[in-house]
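If you want the building blocks of each chain, they are given just below.
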Amino acid sequence: MPNHVYNKLTGPKKVLEKYLTDGKFDFRKILPIPKHAKEPKLPWEIYDELRNLNDTQKSKIINELKTTGFLSTQKETTELTGKTLKETIDFLKYNTMTQYDWQINNWGTKWNAYNQSIEVDGIILVEEHINSEETIMKKTERQTETTGTEMTINFSTAWSPPYDLIHLLSKKEKCVLQYEWIEEQGAACLGKETIESGIVTDCYKPDPWSKEAYELMFEWWGNGDEFIWNDETGEYEYLEENE
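All values reported here derive from a predicted model rather than from experimental measurement.

A. Inspection of the overall build of the chain at higher detail. Across its full length, the chain holds ten helices and twelve strands. Residues classed as buried in the chain amount to 39% of the 243 residues present. Taking all contacts inside the chain whose residues are at least 6 apart in sequence as the whole, residues at least 24 apart take part in 61%. Put simply, the chain shows about 14300 Å² of open surface, and 48% of that area lies on carbon and sulfur atoms.

Here it is, written out as structure tokens:
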């Protein structure tokens, strides 16, 4: 099982509700999964298609791969562009991107959002809980309509926060979003941002396990009474360790 990252996204209801599927926040509506990732080809299928390519066709394929997200970094694009035809074919034979790979490279996390709750002006509309041991999802619809204008989506992601995806959403909609995240270990990975039309205008991302990280964790989880600051070590310590 992955380490879970707890995310909180707040923005205009009229914007965020466009990115819900069956009442749940859906990354596929921000950045859809391309067909080549949904239906990856086997190495021998790629070889059969590419072995007779000329340089013009090679360039066309590289451009297609760039636009569909197959190549996740400029470095990969440059390396592939500079390869010979045989090297290009070999690269594609052994680096066929699966949906899992594509999601990590383009969403920043391997799964879609899960364990969600959606609020409008503090009123919970939908709450979802997944019991990983029994793989049972419980979804509670508390209220279906509200006149509020601000929506907050709380959701979990696997291993890492989907920063770039949230930035893309803000850019697409030309809106202001407030985004916060905290990894389940608490002070290891957490922060908050304000994004305006895709540009981060305010960011607070303390160093892992720093005094500032712990204090932001206390603000998020309200567990400051479980720790004590040690002036000698310059660290927060869990109270049970001193008992």
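Structure shown, so let's carry the discussion forward.
B. Quick look at the confidence of the model for the chain. Counting all residues, the mean pLDDT for the chain is 78, and 65% of those residues have values of 70 or more. Low confidence marks residues 131-144, where pLDDT is under 50. Its contacts with residues over four positions away, or in another chain, come to 26 contacts.

C. Looking closely at the environment of Gly108. Along the chain, Gly108 falls in the loop between α8 (99-107) and β4 (114-120). By relative accessible area, which is 29% here, Gly108 ends up partly exposed. With 57 residues separating them along the chain, Gly108 and Leu165 place their C-alpha atoms 7.4 Å apart. Gly108 has contacts with Gln103, Ser160 and Pro161, leaving out every residue within four places of it along the chain.

D. The arrangement of the pattern of salt bridges in detail. Under the criterion given, the structure shown has five salt bridges. The shortest N-O distance in the salt bridge between Glu215 and Lys211 comes to 2.7 Å. In this pair, Glu215 and Lys211 are both assigned in helix α10 (residues 211-221), four residues apart and thus about one turn of the helix distant.

E. Structural view of the nonpolar core. Grouped together as the largest cluster of nonpolar side chains are 27 residues, with contacts concentrated most on Leu9, Phe25, Ile153, Phe155, Ile166, Leu169 and Leu177. Counting only elements with at least two residues in this core, the list comes to β1 (4-12), α1 (13-16), α2 (27-30), α8, β4, β7 (150-158), α9 (163-173) and β8 (176-183). Of all hydrophobic cores here, the second largest spans ten residues; its members include Ala213, Tyr214, Met217 and Phe227.

F. Looking closely at α9. Every buried residue belonging to α9 is among Leu165, Ile166, His167, Leu169 and Ser170, and all of these are buried. Once α9 ends, the next one or two residues include Lys174, with phi positive near 50 degrees.

G. Representation of α10 in the model. Of the positions making up α10, those classed as buried are Ala213, Tyr214, Leu216, Met217 and Phe218. Turning to α10, the residues buried within the fold contact β8, β9 (190-196), β10 (199-204), β11 (227-230) and β12 (235-238). At the exit of α10 stands Gly222, carrying a positive phi of roughly 65 degrees.

H. Structural view of unusual backbone geometry. Even without being glycine, Ser197 reaches a positive phi, approximately 50 degrees. Along the chain, Ser197 falls in the loop between β9 and β10. Relative accessible area serves as the criterion here: at 37%, Ser197 is assigned to the partly exposed category. With a phi angle near 65 degrees, Trp209 is a residue other than glycine that sits in the positive phi range.

I. Local environment of the side chain of Ser170. For Ser170, the position within the fold is in helix α9. Excluding residues that lie within four positions of it along the chain, Ser170 makes contacts with Cys175, Leu177, Ile195, Glu196, Ser197 and Gly198.

About the thresholds
- Residues numbered from 1 in each chain as written.
- Predicted model: local features only at pLDDT ≥ 70, side-chain atom pairs only at ≥ 80, totals over all residues.
- Heavy atoms only, no water.
- Helix = DSSP H or I, 4+ residues; strand = E, 2+ residues; numbered from the N terminus.
- Buried < 20%, exposed > 50% of the residue type's maximum accessible area, 1.4 Å probe, protein only.
- Contact = heavy atoms within 4.5 Å.
- Areas by Shrake-Rupley, 256 points an atom, 1.4 Å probe, with all protein chains shown as cover.
- pLDDT = per-residue confidence, 0-100.
- Salt bridge = Lys/Arg side-chain N within 4 Å of Asp/Glu carboxyl O.
- Core = buried A, V, L, I, M, F, W, Y, C linked by side-chain atoms within 4.5 Å.

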